Amino acid sequence: MRHFPLFRDIKGRRVVVSGGGEAAVAKLRLLLKTEATVVVYGVDAHPQIARWANERQLIHIARDIRHGDALCAALVYGANEDAAMDARAADIGHASGALVNIVDDLDNSDFITPAIVDRDPVTVAIGTEGAAPVLARRIKADTEERLSPTLGILARIGQGFRGAANALPHGRIRRRFWSRYYDEVGPRALTEGGEEAVLAALHTLVADMQSEGPEIGNVALIGAGPGDPELLTLKARKALHEADVVIYDRLVSPEILELARREAVVIEVGKIPNGPSWKQDDINALMIEHAGGGAHVARLKSGDPAVFGRLDEEMDALDAAGVPFTIIPGITAASAAAASIGVSWTRRGRNASFWLLTGHDVAGFAEHDWRALAKPGEAAAIYMGLRAARFLSGRLLMHGASAETPVTAIENVSRGDQKIVATTLDRLPIALTEGGITGPAILFLGLSPRAALAAADDIPEPVPATGGH
Ligand code: SAH
């Protein structure tokens, strides 16, 4: 970030524009929205500038800028569309200690003027450091569409009401009050009865919220998917945004946590394999403590909460404590992994069922119905299978699985550093080591990446030994 965005108070300050042409007019359209005293220097002025001068919106001085003209100015704009004149304006501005902007000349400017979405007092400023004006325009258009034209009115009325809102306890309740105002109560009152109705509605809302009993918190048990924030459901996104407290597992990606509100309390309860870890009881207690205090808790779990996520233990604990909860499903790692390698979990004529297995359970390496799993055509997604890879491969071969059974490991599914290793059952442990797979990873038993299938003329043959893709 070469340019740091900030909002400068220029109420009553002088802003000087050197130049009277189109470039000046474009900047003036923005500057006249402010409460600054705008002075334009230029021999020939655009008719629009003359009109504004007539309406006393700005002062036009029909000569070129001179030393001393920028005295006490907060900002000086060089809008002469002439490099020499602009350089002169910059000198004059700098001599008076003003910040200088030369229109369309980033390198000779002290600051840049962003694209602006104006819902005064709410202002959105968009900057790309000159890199992508097209993008800035598009973001501006999107934002214009998203922010209701009445937002400014609501914000202004809300601003005047801040003192009265202090009757509500500080923190969560007051935050909820403002959310309800901006989301429902304010817009509705404004449409139905204009600005006066908004003020009345604010008073009613404060009274209502004062008479409501203590808030009951809740927990959303949320599937955060495999990492890519675009694989979150809309529901998960909404719950995350509304949460006062976010409790997340180690595998939940930072990009997803970014979607939480800035004021939210964010707590990691990672269970590092073999490392120090949070005990399930402590996680339960943490959720209950926060929800018990009235908070909306987002409990983020990687993938889908119902897949190897100890969901039942958390639900039981919440039930026992009388804390209401909802479950928001997510995209499980194996589902996203299948998409990554272009395969289907099930396939007509190949497998009519699909296994979700864990390589590990409370007792260590997990035992399964190896004989059934070893049959040709079976397909399985193995979670937490890396450390158990040698054991898995050994058990399956011992129970009659073909050494050539395809196995595909997909590490960091849906993330920027996703890695795929396609191998066969007998070579699994060594292929994982050679491929540098350290996890988290899904192992697909009986499935190989689509490209390899196509090369083999759609005959489900094993993929040639190892190799990352
Ligand atoms: N509830 C999760 C699974 C949690 S168990 C889900 O539905 O996906 C943890 C295991 O999930 C990891 O050991 C790994 O096997 C798998 N896993 C989770 N996220 C993953 C990712 N982004 N890429 C590959 N595997 C992942």
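All values derive from a computational prediction rather than experimental measurement.

Cut-offs and rules
Residues numbered from 1 in each chain as written. Predicted model: local features only at pLDDT ≥ 70, side-chain atom pairs only at ≥ 80, totals over all residues. Heavy atoms only, no water. Helix = DSSP H or I, 4+ residues; strand = E, 2+ residues; numbered from the N terminus. Contact = heavy atoms within 4.5 Å. Areas by Shrake-Rupley, 256 points an atom, 1.4 Å probe, with all protein chains shown as cover. Lys, Arg positive; Asp, Glu negative; His and termini not counted. Charge placed at Lys NZ, Arg CZ, Asp CG, Glu CD. Near = heavy atom within 4 Å. Polar contact = N/O pair within 3.5 Å; in protein donor to acceptor, adjacent residues only side chain to side chain. Nonpolar A, V, L, I, M, F, W, Y, C, P; charged D, E, K, R; others polar. Domains from an automatic or database assignment. Core = buried A, V, L, I, M, F, W, Y, C linked by side-chain atoms within 4.5 Å. Buried < 20%, exposed > 50% of the residue type's maximum accessible area, 1.4 Å probe, protein only. Axes fitted to C-alpha atoms, helices over the stretch in contact; angles between N-to-C directions. Parallel < 35°, antiparallel > 145°, perpendicular 65-115°, else oblique. Left-handed = near helix turned anticlockwise from the far one by under 90°. Pairing = 2+ DSSP bridges. Salt bridge = Lys/Arg side-chain N within 4 Å of Asp/Glu carboxyl O.

(A) Highlighting the overall build of the protein chain. Assigned secondary structure in the protein chain consists of 15 helices and 19 strands. Principal-axis analysis of the C-alpha atoms gives the protein chain an extent of 95 × 60 × 40 Å. Nonlocal contacts in the protein chain, meaning residues at least 24 apart in sequence, comprise 63% of its contacts between residues at least 6 apart. When the accessible area of the protein chain is evaluated, it comes to approximately 24700 Å², of which 53% is carbon and sulfur surface. In the protein chain, 49 positive and 59 negative side-chain charges are present, and the distance between their average locations comes to 1 Å.

(B) Region of interest: the site of the ligand. The ligand sits among 18 residues. The nearest are Ser 302, Asp 304, Val 307, Thr 332 and Ala 441. Val 307 is positioned such that a nitrogen or oxygen atom in its backbone is 2.7 Å from a nitrogen atom of the ligand. Within the backbone of Ala 441, one N or O atom sits 2.7 Å away from an oxygen atom of the ligand. Contact with the protein chains removes 92% of the 540 Å² of surface that the ligand exposes when unbound. Per-class residue counts for the shell around the ligand are 12 nonpolar, 4 polar and 2 charged. For the shell around the ligand, the two domains that each supply at least three residues are domain 3 (218-331) and domain 4 (334-457).

(C) Inspection of the nonpolar core at higher detail. Counting residues in hydrophobic clusters, the biggest one holds 23 residues, and the most contacted among them are Leu 373, Leu 396, Leu 432, Leu 443 and Leu 445. Broken down by secondary-structure element, the contributors of at least two residues to this core are helix H12 (370-373), strand S16 (380-383), helix H13 (389-398), strand S17 (406-411), helix H14 (428-434) and strand S19 (441-445). Of all the elements, H13 adds the most residues to this core, at 4 residues. Leave out the neighbours within four places in its chain, and Leu 445 touches Leu 373, Glu 378, Ala 379, Ala 380, Ile 382, Leu 396, Thr 405, Pro 406, Val 407 and Leu 425. Membership of the second largest hydrophobic core comes to 21 residues, among which are Val 15, Ala 79, Val 103 and Phe 111.

(D) Structural view of the environment of Asp 120. With respect to the element layout, Asp 120 can be found in the loop between strand S6 (115-119) and strand S7 (122-126). On the accessibility criterion, Asp 120 (56% relative accessible area) is exposed.

(E) Quick look at the domain arrangement of the protein chain. Taken domain by domain, the protein chain consists of domain 1 (14-113), domain 2 (152-211), domain 3 (218-331) and domain 4 (334-457). Using only C-alpha atoms to locate each centre, domain 1 and domain 4 end up separated by 67 Å.

(F) The packing of helix H9 (residues 280-292) against helix H10 (residues 311-321), seen in detail. The N-to-C vectors of H9 and H10 enclose an angle of 45°; their axes lie 10 Å apart at closest approach. With respect to their mutual orientation, H9 and H10 come out oblique. For the pair H9 and H10, the sense of crossing is right-handed. Seen from H9, the contacting residues are Gln 280, Ile 283, Asn 284, Met 287 and Ile 288; seen from H10, they are Glu 313, Glu 314, Ala 317, Leu 318 and Ala 321. Class assignment of the residues belonging to the contact of H9 with H10 gives a composition of 6 nonpolar, 2 polar and 2 charged.

(G) Looking closely at the pairing of S6. With 5 bridges connecting them, S6 and S7 associate as antiparallel partners. Bridge pairing links Asp 118 to Thr 123 in S7. Counting the residues in the hairpin turn of S6 and S7 gives 2 residues.

(H) Structural detail: the pattern of salt bridges. Counted under the stated rule, the structure contains 18 salt bridges. With its nearest N and O atoms 3.0 Å apart, the salt bridge here joins Arg 119 to Glu 144. Here Glu 144 lies in helix H4 (residues 133-146) and Arg 119 lies in strand S6, a separation of 25 residues in the sequence. Under the relative-accessibility criterion, Arg 119 is labelled buried at 10%. The exposure class of Glu 144 is partly exposed, given its relative accessible area of 28%. Among the ionic pairs, Lys 238 bridges to Glu 242, the shortest N-O distance being 3.9 Å. Of this pair, Lys 238 and Glu 242 both sit in helix H7 (residues 234-242), separated by 4 residues, roughly a single helical turn. Residue classification places Lys 238 among the exposed residues on the basis of a relative accessible area of 53%.

(I) A look at the sheet that holds strand S10 (residues 265-268). The sheet built from 5 strands is open, its strands ordered S10-S9-S11-S8-S12 with parallel pairing. The open sheet is flanked by S10 and strand S12 (325-328), the only strands paired with a single partner. Within the sheet, the average angular offset between the axes of one strand and its neighbour, ignoring direction, is 15°. One ladder, built from 6 bridges, connects strand S8 (residues 218-223) with strand S11 (residues 296-301); its direction is parallel. Looking across to S11, one finds that Leu 221 is bridged to Arg 299. In this fold H7 packs onto S8, strand S9 (245-248), S11 and S12, with an angle of close to 140° to the strand it touches most, S8.

(J) Spotlight on the environment of Phe 111. Assignment of secondary structure puts Phe 111 in the loop between strand S5 (99-102) and S6. Classification of Phe 111 by relative accessible area gives buried; the value is 15%. The sequence separation of Phe 111 and Phe 4 amounts to 107 residues, and the corresponding C-alpha distance is 9.0 Å. Excluding its chain neighbours within four sequence positions, the residues that come into contact with Phe 111 are Leu 75, Tyr 77, Leu 99, Val 100 and Asn 101.

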